[in-house]
Amino acid sequence: MMRVNGPAGAPRVGMLACVSGLILLSSCGTPEYRAERTQCEAEWMLKIPPVHRQEPVTKYRSERRPTGEVNCEMVGTSTICQPVTETVSVPYTAIETVDIRKTQRDAQIKACAARACAAKYGNSQCEI
């Protein structure tokens with residue numbers, strides 16, 4: 001019998017773990033930095049308020065597709081064959097509500113927090 005390497009979802013689990021790790025790393029920072037960032041967020045949400053708009057975005061879904069190969073196995077006197085499938089990522093367009101000012105506002109929030117940290121702690125990360 002031919003074997004397919006690992007379960008179909010195995011590569012996605014590894015990718016999900018990496019993405020989760022990056023999200024956790026990006027949300028890290030000292031409590032002092034988070035406090036400064038919170039104050040800056042409040043200030044810049046007023047200065048550059050969100051503007052929401054419906055926009056097309058590309059998303060991806062996973063589909064199982066046959067590869068054209070077949071795995072066959074002898075069970076007693078019978079041969080049982082099953083088609084081999086692979087998971088493929090298929091792009092599609094969806095309409096989502098996005099804040100068109102988010103990138104501009106986030107840059108200002110980051111700069112504001114860095115300035116406040118530098119003024120209070122002598123460094124842009126509020127490290128003590």
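Shown above is the structure to which this text applies.
### A look at the pattern of salt bridges
Going through the model one piece at a time under the given rule, you end up with nine salt bridges. Residue Arg37 pairs with Glu41 through a salt bridge whose shortest N-O separation is 3.4 Å. Residue Arg37 and its partner Glu41 are both found in helix α2 (residues 31-47); the two are separated by four residues, about one turn of the helix. For Arg37, a relative accessible area of 24% corresponds to the partly exposed category. What emerges from the salt-bridge pattern is a single network uniting Arg61, Glu63 and Arg65.

### Observations regarding the state of the cysteines
What the rule picks out here adds up to three disulfides. What pairs with Cys40 in a disulfide is Cys112, and their sulfur atoms sit 2.1 Å apart. In this structure, the disulfide formed by Cys40 and Cys112 twists by about -75 degrees around the S-S bond and is classed as left-handed. You can see Cys40 sitting in helix α2 and its partner Cys112 sitting in helix α3 (residues 102-121), a full 72 residues away along the chain. The partner cysteine of Cys72 in its disulfide is Cys81, sulfur to sulfur 2.1 Å.

### Looking at the pairing of strand β1 (residues 52-75)
Here β1 runs beside strand β2 (residues 78-99); their pairing, made up of 21 bridges, is antiparallel. Note on β2: the bridge partner recorded for Lys59 is Tyr92. In this structure, the hairpin formed by β1 and β2 is closed by a connection of two residues, where Gly76 is found at a positive phi of approximately 65 degrees.

### A short note on the packing of α2 against α3
Two numbers describe how α2 lies on α3: the axes approach to 8 Å, and their chain directions differ by 135 degrees. Considering their axes alone, α2 and α3 lie oblique with respect to each other. Pair α2 / α3 crosses with right-handed handedness. Every residue of α3 that contacts α2 at Glu32, Tyr33, Glu36, Arg37, Cys40, Glu41, Glu43, Trp44 and Met45 is listed here: Arg105, Gln108, Ile109, Lys110, Cys112, Ala113, Ala116, Cys117, Lys120 and Tyr121. Residue composition of the contact of α2 with α3, by class: 10 nonpolar, one polar and eight charged.

Reading guide: rules and limits
Residues numbered from 1 in each chain as written. Predicted model: local features only at pLDDT ≥ 70, side-chain atom pairs only at ≥ 80, totals over all residues. Heavy atoms only, no water. Salt bridge = Lys/Arg side-chain N within 4 Å of Asp/Glu carboxyl O. Helix = DSSP H or I, 4+ residues; strand = E, 2+ residues; numbered from the N terminus. Buried < 20%, exposed > 50% of the residue type's maximum accessible area, 1.4 Å probe, protein only. Disulfide = S-S within 2.5 Å. Pairing = 2+ DSSP bridges. Axes fitted to C-alpha atoms, helices over the stretch in contact; angles between N-to-C directions. Parallel < 35°, antiparallel > 145°, perpendicular 65-115°, else oblique. Left-handed = near helix turned anticlockwise from the far one by under 90°. Contact = heavy atoms within 4.5 Å. Nonpolar A, V, L, I, M, F, W, Y, C, P; charged D, E, K, R; others polar.

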